[in-house]
Amino acid sequence: MKRCFEVLCIYCQSGHIEEPYVSITKKRQMPKNGFSEEIEKEVGQAEGKMFTHRSAFSRASVIQAFLGSAPQLTLQLYISTLQQNITAGRCVCMLLSLLSIVYGALRCNILAIKIKYDEYDVKVKPLAYVCIFLWRSFEIATRVIVLVLFTSVLKAWVVLVIFINFFSFFLYPWILFWCSGSPFPENIEKALSRVGTTIVLCFLTFLYAGINMFCWSAVQLKINSPDLISKSQNWYRLLVYYMLRFIENAFLLLMWYIFKTDIYMYVCAPLLILKLLIGYCTAILFMLIFYQFFHPCKKLFSSSVSESFQRWLKCICCQCRWQKSSTSAGKTDARSSGDRDETPSSSKISSMPSQILNADELCSA
């Protein structure tokens, strides 16, 4: 509340009071024809404070979305499924929760872009926002429905699913940090002690795991980095995440289909499974469209999505050809060794009659 009041006061006074001190920031424009110009911009104290508050609001929206709205939406949909009834008020609450989660995921994408390309003047176009919104809406909606369906028939096993998902993403940044052998980060905040820094890092990894439970986080934690975020664009990690998530969703839907109860008597289960899988594939399609056509920094990519996908297919094809050639070479070697084993035996058999003839000739002589 205090922060909101301060932002309102700064916004109202920004055009009336002349600021004596300004800071100069340097940003590079997106490269055009292979060239990138550096531009300077004066930033006043009021604008700097507004930027700080805006960043704080963005982070708060992400925290509220995935640690508040996501569990609330899942619980409300679960109760509605068991009661086989949904009221207008609950429907509005679930819609608002879904929009809150989608907005938090959208802020994750924009935050990841601005952190990775901090040196550039990034401008996100409206079509990019629309594409991200559709991508995140399909992804989060299908994920929540799959979890609710599985929970409604296998209540005890969902604890294991959540445990594996959550702790896998929670421990993954720490495992990478321990394997790197880097020293413990001390530059997060000067006022924090080692214990305080550990608590902050644990909370960040907790939020990171909560986001990845429902959707791709877009921000990859890197504890041994000063910015705590990896600035490299790893297409293969993105591919592995969505492949594993698709397989997991299909498996959970299969378990729901096998153990479904009488409350789904009037539900066409195969059609519902098909719709959910198509919905998740639609989310992946919008994600590929965004990275291929609407990403504000696509000119800075070392390789596009289509090029990386083609390389991945070529690697798979080359591996398959190598396996086929190795198996065919093994078969030819086996045949040649078999022919070598058969050749001496035939020569021995053919030499026996000649020896008999020679003995008969000697006797007749």
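Further up the page is the structure itself.
The structure contained in this document is the topic of the report that follows. The shown structure was predicted, so the numbers you read here are calculated from the model rather than taken from an experiment. (Residues numbered from 1 in each chain as written. Predicted model: local features only at pLDDT ≥ 70, side-chain atom pairs only at ≥ 80, totals over all residues. Heavy atoms only, no water.)

### Thoughts on the pattern of salt bridges
Tallied over the full model, the rule gives three salt bridges. Across the pair Glu 248 and Arg 143 runs a salt bridge whose closest N-O atoms are separated by 3.4 Å. On the criterion of sequence distance, the pair formed by Glu 248 in helix α7 (residues 235-259) and Arg 143 in helix α4 (residues 126-153) is long-range, its members being 105 residues apart. Glu 248 gets classed as buried once you look at its relative accessible area, which sits at 16%. (Salt bridge = Lys/Arg side-chain N within 4 Å of Asp/Glu carboxyl O. Helix = DSSP H or I, 4+ residues; strand = E, 2+ residues; numbered from the N terminus. Buried < 20%, exposed > 50% of the residue type's maximum accessible area, 1.4 Å probe, protein only.)

### What about the packing of α7 against helix α8 (residues 269-294)?
It is at 10 Å that the axes of α7 and α8 come closest, and there the two elements cross at 170°. The angle between the axes of α7 and α8 places the two elements in the roughly antiparallel class. From α7, Trp 235, Leu 238, Tyr 242, Arg 245, Phe 246, Asn 249, Ala 250, Leu 253, Trp 256 and Tyr 257 reach across to α8, where they touch Ala 269, Pro 270, Leu 272, Ile 273, Leu 276, Leu 277, Tyr 280, Cys 281, Ile 284, Met 287 and Tyr 291. Across the contact of α7 with α8, the residue classes tally to 19 nonpolar, one polar and one charged. (Axes fitted to C-alpha atoms, helices over the stretch in contact; angles between N-to-C directions. Parallel < 35°, antiparallel > 145°, perpendicular 65-115°, else oblique. Contact = heavy atoms within 4.5 Å. Nonpolar A, V, L, I, M, F, W, Y, C, P; charged D, E, K, R; others polar.)

### Observations concerning unusual backbone geometry
Where the residue is not glycine, phi is negative for most of them; where a peptide bond is considered, it is trans in most cases. In the Ramachandran plot, Gln 84 falls in the positive-phi region, its phi being about 55° despite a non-glycine side chain. Take Gln 84: it is sitting in the loop between α2 (45-83) and α3 (88-116). A residue is classified by how much of its surface remains accessible, and Gln 84, at 54% relative accessible area, is exposed. In this model, Ala 218 sits at a positive phi of 70°, which is unusual for a non-glycine residue. Here Ala 218 is to be found in the loop between α6 (194-214) and α7. Of the residues examined, Ala 218 reaches a relative accessible area of 6% and is grouped as buried.

### Some remarks on empty space enclosed by the protein
All told, the structure shown has three cavities of 30 Å³ or more when counted by the stated rule. Its boundaries defined by the atoms lining it, the second largest cavity holds a volume of some 70 Å³. Every residue lining the second largest cavity is counted, 10 residues in all, and those nearest its centre are Ala 112, Ile 113, Lys 116, Tyr 291 and His 295. Elements supplying a minimum of two residues to the lining of the second largest cavity: α3 and α8. Ranked by residues supplied to the lining of the second largest cavity, first place goes to α3 with four residues. Along the lines of polarity and charge, the residues of the lining of the second largest cavity split into six nonpolar, three polar and one charged. (1 Å grid on protein atoms, 1.4 Å probe; cavity = no way out; pocket = protein on both sides within 12 Å on 5 of 7 lines; lining within 4 Å. Points joined across faces, edges and corners; volume = space filled by probe spheres on them.)

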